[in-house]
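So the chains spell out like this:
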Amino acid sequence: LSELAYETFNALTLKDEDPFVNQFQMTYYESMIFASLVEYTEVLPIKTLLSEDEAIVRCQITAIDMRVVYDQYLAHYLNGDYEDYFLELGPSDYEKYCLIINDLIYNESSMVVRTVDLTLYDDGFGWYIALDDEAEDAILGGYYSEYEKMVEDYEVYDFYYNHPENDFGPGVQSNSE
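Residues numbered from 1 in each chain as written. Predicted model: local features only at pLDDT ≥ 70, side-chain atom pairs only at ≥ 80, totals over all residues. Heavy atoms only, no water.

### As for the environment of Cys-98
What counts here: The secondary structure listing takes helices from DSSP runs of H or I that are at least 4 residues long and strands from runs of E that are at least 2 residues long, numbered from the N terminus. The contact criterion used is simple: two residues touch if any of their non-hydrogen atoms lie within 4.5 Å.
With respect to the helices and strands, Cys-98 occurs in helix α5 (residues 93–106). Contacts of Cys-98, omitting those with residues within four sequence positions, involve Tyr-29, Glu-30, Met-32 and Ile-33.

Next up, the structure:
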């Protein structure tokens, strides 16, 4: 099944007509991140329910913990560590973000384990995975779900620390004093 993780990545990211754009309009840089994530993904089947042309496989998926990666990114970003990098000419800011995330993935050792059910179908030529959002997110270590949490964390930071008029930021005295 680990090979299916790679096949799943290919199904998510590559089309015959354009190897860098998929059904989600994934860029080369996003494909690079997904390839890095899948490289560290391990899929361990626990239980299989098999019929003639369908299988449901309960799997334990071990992947890079994207929450840790995003926490590191956000901490460096808020500390200003990337300011000079984002001011340089070259790739767009989004492409630079992807390069930073990819570098953090390669330097991360924290793993997360999730248990999900994968549905596989036999189309007569071989088995393929029909991914749902939960399985895709598990294979990618929380790439989507943890990104949403990082954005929420940044919005909370921005609300409290960059807007003293909110009367919640550090060092801001309340009106009751």
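### Let's talk about the packing of helix α2 (residues 28–39) against α5
Worth spelling out the cut-off: Fitting a line to C-alpha atoms yields each axis, with helices limited to the stretch in contact; the angle taken between N-to-C directions then spans 0 to 180 degrees. With respect to orientation, any angle under 35 degrees is reported as roughly parallel, any angle over 145 as roughly antiparallel, any angle of 65 to 115 as roughly perpendicular, and every other angle as oblique. Nonpolar residues are Ala, Val, Leu, Ile, Met, Phe, Trp, Tyr, Cys and Pro. Charged residues are Asp, Glu, Lys and Arg, and all others, Gly as well, are polar.
Where α2 contacts α5, the axes come no closer than 9 Å and their chain directions differ by 10 degrees. Taken as axis vectors, α2 and α5 run roughly parallel relative to one another. For the pair α2 and α5, the contacting residues are Tyr-29, Glu-30, Met-32, Ile-33, Ser-36, Leu-37 and Glu-39 in the first and Tyr-94, Glu-95, Cys-98, Leu-99, Ile-101, Asn-102, Ile-105 and Tyr-106 in the second. Residues belonging to the contact of α2 with α5 are distributed by class as follows: ten nonpolar, two polar and three charged.

### Comments concerning the packing of aromatic side chains
Stated precisely, the cut-off is as follows: A pair of aromatic rings is counted whenever rings of Phe, Tyr or Trp (Trp by its six-membered ring) have centres within 6.5 Å, and the orientation is called stacked for planes under 30 degrees apart, edge-to-face for over 60 and tilted otherwise. Partly exposed residues are those whose accessible area sits between 20% and 50% of the maximum for their type, while under 20% is buried and over 50% is exposed, using a 1.4 Å probe and protein chains only.
One pass over the structure, following the stated rule, counts ten aromatic pairs. Judged by centre distance (6.0 Å) and plane angle (75 degrees), the rings of Tyr-40 and Tyr-106 are edge-to-face. Separated by 66 residues along the polypeptide, Tyr-40 in the loop between α2 and β1 (42–50) and Tyr-106 in helix α5 bring together distant segments of the chain. According to the relative accessible area criterion, Tyr-40 is partly exposed, its value standing at 27%. On the basis of relative accessible area, Tyr-106 is assigned to the partly exposed category, the value being 40%. Ring geometry for Tyr-73 and Tyr-97: centres 5.1 Å apart, planes at 85 degrees, overall edge-to-face. Of this pair, Tyr-73 sits in helix α3 (residues 66–79) while Tyr-97 sits in helix α5, placing them 24 residues apart in sequence.

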